[in-house]
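Structure at a glance
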Amino acid sequence: MRLRVLAAFSSAWLISAVTTAAAFRDPAILRSRDPATPGLLVSRQLLQSRHLRIGDIVQLSADPSGANPRPFRIDGGYEPTPDPARFAQAHLEARLHLPDLIGLIADPADPAQAGTVGSINVRLESPADAPAFALDVAARLPGTVARPTAAPDERNSPFVVLERFHLAIAVVTVIGSAIFLLALMVMLVDERRGTVGTLRLIGLTRQRLVLQVLAEGTAIATAGAAFGILFALGAEGFFNRFFQWRYDTALVFLRITPRVIGQSLLLAVPLGIVASLVASWTILRQPLLGLIRR
Amino acid sequence: MLLRSLRLAALSLVRQPTRAILGVLGVAAVGALLFDMLLLSRGLVLSFRDLLDRVGFDVRVLASDSPAFSAPPMPDATRLGRSLSALPEVEAVVRLRFEDVEIEASSAPASGDDRPDGVPARHVAGFIGAGTTARSLWTIVEGRDLSFDAAGDPTVIVNRHVGQGLGVGPGSSVWVRGRCAAGSQAMPPVRFTVAGIADFAYDSGGASTLAGRLEDLLRVCGAGGADVADLFLVRSRVGAGADAVAARIRQAHPELHVLTNEDLVERFSRIEFSYFRQLSVVLATVTLFFGFLLIAVLLTVSVNQRLGEIAALRALGLSRARVVSGVLVESALLVGAGGALAVPLGAALSFWLDGILRAMPGVPVELRFFVFEPRALAIHAALLLVAAIGAAAYPMWIVAVLPIAATLRREVVS
């Protein structure tokens, strides 16, 4: 079996080896216990898609044509760290020890390559110094790029943009919901025109009726918001399982956090109360005789 | 019959204007969102296809199925390029190489420090090393294009971002230092003259891009890997077709990965853009259900409030079909008016949403997420029609089975 390493780059302690589908057509897989054969780890997705097993020997080559392959033994499988930026792509990856990778890709004619890495991860004693350290490295080593791993809140990062998009969609949905709610309340209040007239006739003041409507609106809005949150909590698992199955990833797509619940309540309950009041006011401000159709 | 039903429905709506207006506005809001989701569902794919077609090449040849900028280079590129050009179905072949470089204006401080106004003295940019006939990859907006014939000083064209960021324009000099493969950082910087400012077809908003001749890129990166290419762009002859050319190349070079524009579009549609397609399906379903619910509730409550009136009309001689069709037409009027309002509202909304999404890094400036096509309008109308019929079904059934005498008696007694 021939496995091509088409691109090998990443941090100093691991590599990602992107593989092609064509490289796995030959099902003949050797198995070996030879301790001299270097080991590697293979992603779960690659193991499954190519029916590989722990202990199998695979051939890796740095050449796209598959020339000069070297044997590696699969020592284990791993679940790739979920990456939201690449969730739609199949994680067909392998990880090698750095010396093995360098031995695989280095050009014998260029000894300098043996001492070359794509990137180096550095853990600082004080993580707060990361920005200053990155600036210092960039100044001292021209041609290198040093970045803190805890990226600042870039206002144009894909997820911030997506968050803005989802918020915009939510705003439009809320506007639609508000109109729906208002229409519903107008109809309900209209249906109770006679009842309101009767209550006014037996002596209930407008203020009392407004308070009653307010209490009723609060109760309905709270119950509606609670139902919506419960529905969302129930749907959370379904959506996550569906998308995790669809994209073969451990990524969590939907998470109902206390903050989300708080935002929903803050938006839905006042909206419901306002809709109740606006709809009721159209009836309450009418003269008593108009209410009882006299 | 239809006109009579229409009149009956219109009178019912006019009699309750607040309810009717809120119904129309509600449908307009959800209809606008539905329309936008339909534009989004295929917008990226349509826009991406248009972008690929505009560049004028219909086949791409790479070493692997990795994206163009991360695919490994193809060795023996000169021979490979000749081999591709020799195919009878091929009209033109462009050899491309992509490398990261650092670029700074030659007037920048020698220390490489940032300018006093905080503008970085150096830009990390993508250098496109191009063979001849690559001009359709960019559009010159100032100055002149690269010269592939003259053997004089090396020239580059830069995009607006680099031009503005470094304060350089046509005729300016810049230093370019390679950040190419291993060991290239030891290469000395090369001085280039900026020939022109250009818009690059695949540039994202904040991208720093420059293009020069392949041989000049070799001067920047060193001779290592001189005869390699990251990508070949191939244009098929008129009448030959991209599929035929791709098949011939696959036959001649089975070790290479050959993609037509259609293959790329299909792949992006299936993988990279699938999130937006699925999001649009989910939201379109939710909004459609929401619209259905809104109209169904409005009509049901409205009909329930008018049961006595409907029974009286039936008693006066109006046929069951006419009263039932009146409810259907009432639903159609609400959805029709709301749907008509939804199209311009949705179009305006799509500009806003498109502006938000296009701020995403790495997205080509020319790419659009929301693209109008007549098909979207037709589907929008069809879905709203289905929603109108579905929403009217229950109130129509109430009216159809309404017992006339019992309802009138109940009305009188109450």
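Residues numbered from 1 in each chain as written. Chains lettered and ligands numbered in written order. Predicted model: local features only at pLDDT ≥ 70, side-chain atom pairs only at ≥ 80, totals over all residues. Heavy atoms only, no water.

1. What about the overall build of chain B?
Secondary structure summary: chain B contains 12 helices and 10 strands in total. Counting across all 414 residues of chain B, residues that qualify as buried make up 52%. Contacts in chain B between residues far apart in sequence, at least 24 positions, make up 83% of those at least 6 positions apart. When the accessible area of chain B is evaluated, it comes to approximately 18,200 Å², of which 62% is carbon and sulfur surface. (Helix = DSSP H or I, 4+ residues; strand = E, 2+ residues; numbered from the N terminus. Buried < 20%, exposed > 50% of the residue type's maximum accessible area, 1.4 Å probe, protein only. Contact = heavy atoms within 4.5 Å. Areas by Shrake-Rupley, 256 points an atom, 1.4 Å probe, with all protein chains shown as cover.)

2. A few points about the overall build of chain A
Summing up its helical and strand segments, chain A has eight helices and eight strands in all. With 294 residues in all, chain A has 33% of them scored as buried. A fraction of 63% describes how many contacts in chain A between residues 6 or more apart in sequence connect residues 24 or more apart. In the form shown here, chain A has an accessible surface area of approximately 17,300 Å², with 63% of it arising from carbon and sulfur atoms.

3. A closer look at the packing of aromatic side chains
Per the counting criterion, the structure on display carries 16 aromatic pairs over all chains. Between phenylalanine 243 of chain A and tyrosine 247 of chain A the ring centres are 6.3 Å apart and the planes differ by 5°, which places this aromatic pair in the stacked class. With a gap of four residues between them, phenylalanine 243 of chain A and tyrosine 247 of chain A both fall in helix H6 (residues 206-247), about one helical turn apart. The class for phenylalanine 243 of chain A is buried, based on a relative accessible area of 11%. It is arginine 246 of chain A that lies over the ring of tyrosine 247 of chain A; its NZ or CZ is 4.9 Å from the centre. Stacked on the ring of phenylalanine 57 of chain B, the Lys or Arg arginine 235 of chain B has its end atom at 4.6 Å from the ring centre. (Phe/Tyr/Trp six-rings, centres within 6.5 Å; stacked < 30°, edge-to-face > 60°. Lys NZ or Arg CZ within 6 Å of the ring centre and 35° of its normal.)

4. Let's talk about the side chain of glutamate 330 of chain B
Residue and element names in this part refer to chain B. By the element assignment, glutamate 330 lies in helix H10 (residues 320-357). On the basis of relative accessible area, glutamate 330 is assigned to the buried category, the value being 4%. In this structure, glutamate 330 is in contact with Ala9, Ser12, Leu13, Leu299, Ser302 and Arg306, ignoring residues within four places of it in sequence.

5. Observations regarding the interface of chain B and chain A
Facing 47 residues of chain B, the contacting portion of chain A comprises 42 residues. Across the interface of chain B and chain A, roughly 3,900 Å² is buried in total on both sides, 73% from carbon and sulfur atoms. When the area that chain B buries against chain A is broken down by residue, the three leading residues are Leu22, Tyr275 and Gln278 of chain B, summing to 14%. Summed over the shared surface of chain B and chain A, the number is zero salt bridges. Run the count over chain B and chain A and you get one residue pair in polar contact (both at pLDDT 80 or more). Secondary-structure elements contributing two or more residues to the side of chain B that touches chain A are helix H2 (17-55), helix H8 (274-305) and H10 of chain B. Element by element, the count of residues in the side of chain B that touches chain A is highest for H8 of chain B, at 15 residues. Taken together, the residues of the side of chain B that touches chain A break down into 31 nonpolar, nine polar and seven charged. (Buried area = accessible area lost by both parts, 1.4 Å probe. Salt bridge = Lys/Arg side-chain N within 4 Å of Asp/Glu carboxyl O. Polar contact = N/O pair within 3.5 Å; in protein donor to acceptor, adjacent residues only side chain to side chain. Nonpolar A, V, L, I, M, F, W, Y, C, P; charged D, E, K, R; others polar.)

6. Let's talk about a nonpolar patch on the surface
A surface patch of nonpolar side chains, amounting to about 350 Å² of accessible area, comprises Val117, Ile120, Val122 and Phe133 of chain A. For valine 122 of chain A, the position within the fold is in the loop between helix H2 (98-105) and helix H3 (130-140). (Patch = residues over 30% accessible without salt bridge, like charges linked within 9 Å, V, L, I, M, F, W, Y side chains within 5 Å.)

7. Considering the pairing of strand S7 (residues 70-78) of chain A
Residue and element names in this part refer to chain A. When strand S5 (residues 39-43) meets S7, the two strands line up parallel, connected through five bridges. When the bridges of S7 are listed, valine 42 appears paired with glycine 77. The sheet contact formed by strand S6 (residues 56-61) and S7 spans four bridges and is antiparallel. Of the residues in S7, the one forming a bridge with valine 58 is phenylalanine 72. (Pairing = 2+ DSSP bridges.)

8. A closer look at the packing of helix H4 (residues 158-191) of chain A against H8 of chain B
Axis separation between H4 of chain A and H8 of chain B bottoms out at 10 Å; the angle between their running directions is 5°. Taken together, the axis directions place H4 of chain A and H8 of chain B in an arrangement best described as roughly parallel. Side by side, H4 of chain A and H8 of chain B meet where Leu162, Phe165, His166, Ile169, Gly176, Ser177, Phe180, Ala183, Leu184, Met187, Asp190 and Glu191 of chain A of the first sit next to Tyr275, Phe276, Leu279, Leu283, Phe290, Leu293, Leu294, Val297, Leu298, Val301 and Gln305 of chain B of the second. (Axes fitted to C-alpha atoms, helices over the stretch in contact; angles between N-to-C directions. Parallel < 35°, antiparallel > 145°, perpendicular 65-115°, else oblique.)

9. Overview of the pattern of salt bridges
Two side chains with opposite charge may pair up if their charged atoms get near one another. All chains considered together, the criterion is met by 19 salt bridges over all chains. A salt bridge links arginine 250 of chain B to aspartate 263 of chain B; the shortest N-O distance between them is 3.4 Å. Taken together, the residues span a long stretch of sequence, with arginine 250 of chain B in helix H6 (residues 242-252) and aspartate 263 of chain B in helix H7 (residues 261-270) at a distance of 13 residues. A relative accessible area of 37% means that arginine 250 of chain B is categorised as partly exposed. Note that glutamate 330 of chain B and arginine 306 of chain B form a salt bridge whose closest N and O atoms lie 3.2 Å from each other. You can see glutamate 330 of chain B sitting in helix H10 and its partner arginine 306 of chain B sitting in the loop between H8 and helix H9 (307-316), a full 24 residues away along the chain. In this structure, glutamate 330 of chain B and arginine 306 of chain B share a single accessibility class: buried. Taken together, the salt bridges that share partners define one network made up of Arg44, Glu79 and Asp248 of chain A.

10. Quick look at the nonpolar core
One finds Phe165 of chain A together with Leu96, Trp138, Phe276 and Leu357 of chain B to be the most contacted residues of the largest nonpolar core, which totals 108 residues. Sort the elements by how many residues they give to this core and H2 of chain B lands first, with 19 residues. Setting aside residues up to four positions removed in sequence, leucine 96 of chain B forms contacts with Ile128, Gly129, Ala130, Leu137, Ala229, Asp230, Leu231 and Leu233 of chain B. Judged by nonpolar contacts, the second largest core, of 21 residues, contains Phe127, Val162, Leu166 and Leu210 of chain B. (Core = buried A, V, L, I, M, F, W, Y, C linked by side-chain atoms within 4.5 Å.)

11. Things to note about the packing of H4 of chain A against H10 of chain B
Orientation of H4 of chain A relative to H10 of chain B, taken along the N-to-C sense of each, is 160°, at an axis distance of 8 Å. For the element pair H4 of chain A / H10 of chain B, the angle class is roughly antiparallel. For the pair H4 of chain A and H10 of chain B, contact is made by Val161, Leu162, Arg164, Phe165, Ala168, Ile169 and Val172 of chain A and by Leu349, Trp352, Leu353, Ile356 and Leu357 of chain B, respectively. For the contact of H4 of chain A with H10 of chain B, the per-class residue count stands at 11 nonpolar, no polar and one charged.

12. What about the pairing of strand S8 (residues 209-213) of chain B?
A regular strand places its side chains on the two faces of the sheet in alternate fashion. Residues and elements named next belong to chain B. Counting buried residues along S8, five of its five residues qualify, which places the element largely inside the surrounding structure. Where strand S5 (residues 155-159) lies against S8, three bridges are found, and the strand directions are antiparallel. Along S8, the bridge assignment pairs valine 156 with glycine 212.

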